[in-house]
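Examination of the molecular architecture
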Amino acid sequence: MNLEQARFNMIEQQIRPWDVLDQTVLDTIGFIQRENFVPKTHKALAFADVEIPIGHGEYMMFPRMEARMLQALAITPDDTCLEIGTGSGYVTACMAHLSKHVDSVDIYEDFTRQAEERLMPLKLRNHTLHTGDALRDWTPNKRYNAIAVTGSVPAYLDRFEECLAPGGRLFVITGQGAVMQAVLVKHEEDGEFSHTNLFETSLAPLVGAGTSVERTFVF
C-alpha cells in the first residue's frame with residue numbers, strides 16, 4: 001500500500017466532502033499517521049471509511065467524523081483540551097498536535113497503555129493519559145477550552161458543562177438507535193450555554209452512559 005496516497009485519498013474523498021475545509025485540521029490529519037494507531041490485524045483498513053474495531057467492543061470513529069469533530073472544536077495552540085474516551089489514541093494525538101495540552105481518560109487500562117505507546121514515537125509531550133470512569137470516579141481538576149466526547153450518550157448530560165471554561169466548546173453525540181445528533185455546546189461570554197445541532201450520525205455509546213449517573217464534577 002502507498003500510505004501517503006491512501007492518506008491523501010482519505011482526506012480528499014472522505015473528509016473534504018463531509019464539509020471539513022479547515023486547513024489546520026486537514027494538515028493535522030495529514031501529519032498524524034493514523035495507520036500507527038490501528039490494531040495490526042486491521043492496519044489495511046487504516047484509511048478506509050469504516051469504524052475499526054480496537055477491542056472491548058469499541059471502535060475507532062470514521063475518519064470523516066474524527067475530522068468533523070476536530071473542526072467543530074476549533075482548537076487553538078493556546079487551548080487546554082479534554083478527551084473522554086481515549087480509545088486508540090489517534091484523536092488524542094490530533095488534539096495534542098493542535099493544542100497546548102490534552103488530558104484524555106479511558107475506562108480501560110489497556111487502552112491507556114497502548115495509546116501511550118503509540119504516542120511516544122510522535123514525541124508529543126503535551127498530553128496526560130488517565131484510566132478511570134469519566135462519568136463517575138474520575139474528576140478533572142481544571143476547566144477546558146475544548147472537550148471531545150468520543151462515545152455517544154442517550155441524552156445530553158449538562159455535567160459536561162461544568163468542565164468548560166468561558167468560551168469553551170464541547171462536542172458530543174446524543175441519542176439512541178440509528179439516528180443520533182452531533183451537538184456543539186459553547187460556554188458563551190454571558191455565562192450561558194448554547195447548543196447547536198451539527199449533523200445526524202450514529203456512534204457506539206460511551207461505556208456506562210446508559211445507566212444512571214448522579215455524581216457531579218468537583219473543582
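Residues numbered from 1 in each chain as written. Predicted model: local features only at pLDDT ≥ 70, side-chain atom pairs only at ≥ 80, totals over all residues. Heavy atoms only, no water.

Let's talk about the overall build of the protein chain
Put simply, the rule reads: Secondary structure counts use DSSP, requiring at least four H or I residues in a row for a helix and at least two E residues in a row for a strand, with both numbered from the N terminus. For the radius of gyration, the atom set is restricted to C-alpha positions; the globular benchmark scales as 2.2 Å times the number of residues to the power 0.38. Using a 1.4 Å probe on the protein chains alone, a residue whose accessible area is under 20% of its type maximum counts as buried, one over 50% counts as exposed, and one in between counts as partly exposed. Only heavy atoms matter for contacts: two residues are in contact if any of them lie within 4.5 Å across the pair. Here the open area of atoms and residues is found with the Shrake-Rupley method and a 1.4 Å probe, where only the protein chains shown may cover a residue. Residues scored as positive are Lys and Arg, those scored as negative are Asp and Glu, and His as well as the terminal groups of each chain are ignored. Each charge is placed at NZ for Lys, CZ for Arg, CG for Asp and CD for Glu.
Helix and strand content of the protein chain: 5 helices and 9 strands. Counting helices and strands in the order they occur from the N terminus, the protein chain gives α-α-β-β-α-β-α-β-α-β-β-β-β-β. Against the 2.2 N^0.38 benchmark of 17 Å for 219 residues, the protein chain shows a C-alpha radius of gyration of 16 Å, consistent with a compact globule. With the principal axes as the frame, the protein chain shows a C-alpha extent of 50 × 35 × 35 Å. Within the protein chain, the fraction of its 219 residues that count as buried is 53%. Counted over contacts in the protein chain with a minimum sequence separation of 6, partners at least 24 positions apart contribute 56%. Total accessible area computed for the protein chain in this model is approximately 9900 Å², and 51% of it derives from carbon and sulfur atoms. For the protein chain, the distance from the average site of its 19 positive side-chain charges to the average site of its 30 negative ones is 6 Å.

Thoughts on the side chain of E66
Mapped onto the elements of the fold, E66 is located in helix α3 (residues 63-73). Here E66 falls in the buried class, since its relative accessible area comes to 3%. Among residues more than four places away in sequence, those in contact with E66 are R34, M60, M61, Y90 and V91.

Thoughts on the nonpolar core
The following threshold applies: By nonpolar core is meant a set of buried Ala, Val, Leu, Ile, Met, Phe, Trp, Tyr and Cys residues that side-chain atoms within 4.5 Å join together.
Core analysis: the biggest nonpolar cluster contains 48 residues, and I29 and M95 have the highest contact counts within it. Listed by contribution, the elements that provide at least two residues to this core are α1 (3-15), α2 (23-31), α3, α4 (90-98), α5 (109-119), β6 (144-149), β7 (164-174) and β8 (180-187). Here this core takes 7 residues from α4, the largest share from any one element. Once you skip the residues sitting within four places of it in the chain, M95 turns out to touch L70, L73, I75, C81, L82, E83, V102 and A148. Judged by nonpolar contacts, the second largest core, of 20 residues, contains W138, Y144, L164 and V185.

With respect to the pattern of salt bridges
The criterion, for reference: Salt bridge, as used here, is a side-chain nitrogen of Lys or Arg placed within 4 Å of a carboxyl oxygen of Asp or Glu.
Under the counting rule described, the total for this entry stands at 9 salt bridges. E12 is paired through a salt bridge with R16; the nearest N and O atoms lie 2.9 Å apart. Between E66 and R34 there is a salt bridge, with the nearest N and O atoms lying 3.2 Å from each other. Remark: R34 occurs in the loop between α2 and β1 (53-55) and E66 occurs in helix α3; sequence separation between them is 32 residues. With respect to class, E66 is no different from R34; both count as buried. Each member of the salt-bridge network shares a partner with another, and the members are E4, R7 and E35.

Quick word on the environment of R159
The topology assignment puts R159 in the loop between β6 and β7. Overall, the relative accessible area of 9% leaves R159 in the buried class. In this structure, the C-alpha to C-alpha distance between R159 and Q13, residues 146 residues apart in sequence, is 37 Å.

Spatial relationships are all this shows, so hold off on functional conclusions.
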